[in-house]
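What follows is each chain in one-letter form.
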Amino acid sequence: MDKVFDKAPDKPPDKPADKLNRAVVFLGPPGAGKGTQAKELARKYGVPHLSTGDMLRENIAQGTPLGLQAKPIMARGELVPDSLVLKMVKQRIENADCSFGFVFDGFPRTVAQAQYFGELLKRCGYKQPLVVHFAIDPVLVIKRITGRRMCKVGGEIYNIFERPTRVAGRCDNDGGELEQRPDDREEIVAPRLAAYARQTAPLVAYYRRLGRLHDVDAAQPVEEVTRRVLEIVRGIK
Ligand code: AP5
């Protein structure tokens, strides 16, 4: 079932000789830049970029039973129940294409998800994850979220303030139409940030205690964040 969840890479990977060989998790509040950086890192290493948000949106678009359950929850800016997310994740990372590593953005998002993920990696014979924490003042992410636009075709991420397209409303890569995510409306941003603070932020301490957490200043420009993420990943490998 799972191929459908992956967006086609818009550029070929860099030299595939450099293998990732582990799970990298991007942890941080909505709008911190996790998706932007996850696409780039996955492309560099030629491994899958997995996003539970994208998987859920794909289920909504296809009208699957999971999508029907998730839709009203996501529209309110709340987290989808662990039981639904974990089943979806298990199916995905058991796919053979994850065996050389993968980049996860938006998962795990609760301590229960992190515990399950750790067990699942062990059972699959993978190393425990390297976790990159995107640290940023919540005030800064509001402008990023409300300005975000995504390509309907390839999923490329833009921003009307920070990263505009050459032609308004059209993707630079494939000319696809840009759209705003329903949960990027200003009134949904506050509940999303509250859900992060209540349910996801405790993972920072959880992974720090395990010695797996590496901080990145996510308020820096995109290129600087990419440089720092690569430094961490290369330093650990
Ligand atoms: P999800 O899709 O995961 O969204 P999110 O975590 O809220 O994160 P975002 O996608 O909003 O932000 P991002 O950090 O990826 O930022 P981006 O790179 O796009 O989740 C959506 C919903 O699905 C959740 O609310 C929940 O309901 C459900 N869900 C998903 N996973 C779940 C789970 N595990 N458990 C339960 N429920 C789950 O960048 C944002 C903008 O900023 C862009 O416009 C970009 O161009 C710009 N930008 C990026 N970096 C920079 C930079 N350095 N400087 C300036 N601008 C930048």
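Structure: above.
Residues numbered from 1 in each chain as written. Predicted model: local features only at pLDDT ≥ 70, side-chain atom pairs only at ≥ 80, totals over all residues. Heavy atoms only, no water.

Draft legend 1. Local environment of the overall build of the protein chain. A tally of regular secondary structure across the protein chain gives 9 helices and 8 strands. Per-residue burial for the protein chain yields a buried fraction of 48% across its 237 residues. Total accessible area on the protein chain stands at roughly 11700 Å², and carbon and sulfur atoms take up 55% of it. Looking at charge distribution, the protein chain has the averaged site of its 39 positive side-chain charges lying 3 Å from that of its 30 negative ones. (Helix = DSSP H or I, 4+ residues; strand = E, 2+ residues; numbered from the N terminus. Buried < 20%, exposed > 50% of the residue type's maximum accessible area, 1.4 Å probe, protein only. Areas by Shrake-Rupley, 256 points an atom, 1.4 Å probe, with all protein chains shown as cover. Lys, Arg positive; Asp, Glu negative; His and termini not counted. Charge placed at Lys NZ, Arg CZ, Asp CG, Glu CD.)

Draft legend 2. Inspection of the sheet that holds strand S8 (residues 213-217) at higher detail. The parallel open sheet is built from 5 strands, whose spatial order is S2-S3-S1-S4-S8. Only two strands of the sheet have a single neighbouring strand rather than two, namely strand S2 (49-51) and S8. Ignoring which end each strand starts from, the neighbouring axes of this sheet average 25° apart. Judged from the 4 bridges that link them, strand S1 (residues 23-27) and strand S3 (residues 102-105) form a sheet pairing that is parallel. When the sheet's bridge partners are listed, Ala-23 is paired in S3 with Phe-102. Helix H2 (residues 52-62) rests against S2 and S3 of the sheet, and its axis sits at about 65° to S2. (Pairing = 2+ DSSP bridges. Axes fitted to C-alpha atoms, helices over the stretch in contact; angles between N-to-C directions. Contact = heavy atoms within 4.5 Å.)

Draft legend 3. Focus on the side chain of Thr-110. Mapped onto the elements of the fold, Thr-110 is located in the loop between S3 and helix H5 (111-124). The exposure class of Thr-110 is buried, given its relative accessible area of 9%. With residues near it in sequence (within four places) discarded, Thr-110 still touches Leu-79, Asp-82, Gln-199 and Leu-203.

Draft legend 4. Inspection of the state of the cysteines at higher detail. Taken as a whole, this structure holds 0 disulfides when the rule is applied. Cys-171 carries a free sulfur, and the closest cysteine sulfur to it, the one in Cys-151, is 3.8 Å from it. (Disulfide = S-S within 2.5 Å.)

Draft legend 5. Spotlight on the sheet that holds strand S6 (residues 157-159). Taken in spatial order, the 3 strands of this open sheet run S6-S5-S7, and their pairing is antiparallel. One side of each edge strand has no neighbouring strand; the edge strands of this open sheet are S6 and strand S7 (178-179). Two strands pair when backbone bridges link them, and strand S5 (residues 148-151) and S6 are joined in this way by 3 bridges, in the antiparallel orientation. In the strand pairing of S6, Arg-148 is matched with Asn-159.

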